[in-house]
Amino acid sequence: MTGPGGGIFRAVCLALFCLLSLPFAATRAEAHPFPNSVISLGVEERLISLDIGIPAPELMHVLTGDANADASSFLASREQDLRSYLAAHIALRTTTGADLPILVLTMSLENARDAEAGEYQQFRFKLEAAVPANADSRQFQLRYDAVIHQIPCHFALARIDRNFRAGLVGHG
């Protein structure tokens, strides 16, 4: 915007942005760093398995607005909400564009440790998707934006731990 009011408009927008960002920035600056999500994939002839670890404080912040909410109570009382959330934020697709139905096998809460963040709780989700006979299980797209859609500095590390066709099991 140019003209006499353009500079004022930009200054007001910048001031509003700074004021609205301040509470979030202060919360992140005072808190210790949280670890990020880890997705371990297993690729078999007709099955793709996912073992996902998501730090509980970050997922609880996204789901309830409170990073300190009781994750154990949430898991016990709102399992269907977690299933719906996972379905909305995790997808596998074949190279032909067909979505693979993902089945949530287990959901749990466990203690974990990170070198920078220290001790924390994480949600552990085990999922799997059957691959149809007309698709190659090694050719797929993973869409994942759990937590990331609300906390942009969070990221997920995806790794293939098992690929039997390629002879990969763990690190060997």
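Quantities reported herein were computed from a predicted structural model and do not represent experimental measurements.

Conventions and cut-offs
- Residues numbered from 1 in each chain as written.
- Predicted model: local features only at pLDDT ≥ 70, side-chain atom pairs only at ≥ 80, totals over all residues.
- Heavy atoms only, no water.
- Helix = DSSP H or I, 4+ residues; strand = E, 2+ residues; numbered from the N terminus.
- Buried < 20%, exposed > 50% of the residue type's maximum accessible area, 1.4 Å probe, protein only.
- Areas by Shrake-Rupley, 256 points an atom, 1.4 Å probe, with all protein chains shown as cover.
- pLDDT = per-residue confidence, 0-100.
- Contact = heavy atoms within 4.5 Å.
- Phe/Tyr/Trp six-rings, centres within 6.5 Å; stacked < 30°, edge-to-face > 60°.
- Pairing = 2+ DSSP bridges.

Overview of the overall build of the protein chain
On a plain count of helices and strands, the protein chain comes out with 4 helices and 9 strands. Mapped from its N terminus to its C terminus, the protein chain presents α and β elements in the order α-β-β-α-α-α-β-β-β-β-β-β-β. When each of the 172 residues of the protein chain is scored for burial, the buried share is 33%. Of the roughly 10300 Å² of accessible surface on the protein chain, a fraction of 58% belongs to carbon and sulfur atoms.

So, the confidence of the model for the protein chain
Residues of the protein chain with pLDDT of at least 70 account for 74%, and the chain-wide mean is 81. Considering only residues more than four positions removed or in separate chains, one finds that residues 11-30, a stretch of pLDDT under 50, has 3 contacts.

Here's the deal with the packing of aromatic side chains
The relation between two aromatic rings is expressed through the spacing of the ring centres and the mutual angle of the planes. For the structure shown, the criterion picks out 1 aromatic pair. Between phenylalanine 123 and phenylalanine 125, the aromatic rings sit 5.9 Å apart at their centres with planes inclined by 10°, giving stacked as the arrangement. In this pair, the class of phenylalanine 123 matches that of phenylalanine 125, namely buried.

Here we look at the pairing of strand 5 (residues 102-114)
Pairing analysis gives 12 bridges linking strand 5 to strand 6 (residues 118-130), with the strands arranged antiparallel. The partner of asparagine 111 across the bridge, within strand 6, is glutamine 121. Hairpin geometry of strand 5 and strand 6 is characterised by an intervening segment of 3 residues between the two adjacent antiparallel strands.

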